[in-house]
Amino acid sequence: TPLYSSAASDVYKRQKTYPYKMEDAPIVVKDVNGNILADGDTVVLIKDLKVKGTSVTLKKGTTVKKIKLTEDDQEIDCRVNGTSIVLRTEFVKKG
């Protein structure tokens, strides 16, 4: 008897025949509502955030323009009040 089910075997076969590696797949970055984000988008903060290492607090409703996507699908790079910061996508919605 096999140590794995036939369904697991089918998944393994599909992984071997997939046309490209998972590392080569495009990164899809989504906001808190599931909307897909792209470079240059405008987002709005959904809650107050304290910025580590400073006394700055970003207020709920702050608009952030011209975001840049990072290699991590849960982080975006942006500038707020002249300061470059990285925001988690779970705290922004597409504006």
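Placed above this text is the structure.
Keep in mind it's a predicted model, so treat the numbers as computed, not measured.

Calculation criteria
Residues numbered from 1 in each chain as written. Predicted model: local features only at pLDDT ≥ 70, side-chain atom pairs only at ≥ 80, totals over all residues. Heavy atoms only, no water. Salt bridge = Lys/Arg side-chain N within 4 Å of Asp/Glu carboxyl O. Helix = DSSP H or I, 4+ residues; strand = E, 2+ residues; numbered from the N terminus. Buried < 20%, exposed > 50% of the residue type's maximum accessible area, 1.4 Å probe, protein only. Core = buried A, V, L, I, M, F, W, Y, C linked by side-chain atoms within 4.5 Å. Contact = heavy atoms within 4.5 Å. Pairing = 2+ DSSP bridges.

(A) Expanded view of the pattern of salt bridges. Within the structure shown, the criterion is met by three salt bridges. The partner of Lys94 in a salt bridge is Asp41, with the nearest N and O atoms 3.6 Å apart. Of this pair, Lys94 sits in strand β10 (residues 92-94) while Asp41 sits in the loop between β2 (36-37) and β3 (43-45), placing them 53 residues apart in sequence. Taking relative accessible area as the criterion, Lys94 reaches 38% and is therefore assigned partly exposed. Classification of Asp41 as buried rests on a relative accessible area of 17%.

(B) Quick look at the nonpolar core. Core analysis: the biggest nonpolar cluster contains 15 residues, and Leu58, Ile76 and Leu87 have the highest contact counts within it. Taken together, the elements giving at least two residues each to this core come down to β3, β8 (75-80) and β9 (83-88). Per element, the largest residue contribution to this core is three residues, and it comes from β8. Those residues within four positions of Ile76 in sequence are excluded, and the remaining contacts are Val29, Leu37, Val43, Ile67, Lys68, Leu69, Thr70, Ile85, Val86, Leu87, Thr89 and Val92.

(C) Spotlight on the sheet that holds strand β7 (residues 68-69). Read across the open sheet, the three strands follow the order β7-β8-β9; overall the sheet is antiparallel. Strands with a single pairing partner mark the edges of an open sheet, and in this sheet they are β7 and β9. Relative to β8, β7 is paired through two bridges, and the arrangement is antiparallel. Each bridged residue has a counterpart across the sheet, and for Leu69 the counterpart in β8 is Ile76.

(D) Molecular detail of the sheet that holds β3. Spatially, the three strands line up as an open sheet ordered β6-β3-β10, and their pairing is antiparallel. What marks the edges here is a single partner per strand, and that holds for β6 (63-64) and β10. Bridging between β3 and β10 involves three bridges; their strand directions are antiparallel. Residue pairing in the sheet places Val44 in a bridge with Lys93 of β10.

(E) Focus on the pairing of β8. Here β8 shows one buried face, formed by Ile76, Cys78 and Val80, and one open face, formed by Glu75, Asp77 and Arg79. Here β7 folds back onto β8 in antiparallel fashion, the turn holding five residues. Sheet topology places β8 next to β9; six bridges connect them, and they run antiparallel. Residue Asp77 lies in a different strand from β9, and its bridge partner there is Val86. Between β8 and β9, which pair antiparallel one after the other, the connecting turn spans two residues, and Asn81 there sits at a positive phi close to 55°.

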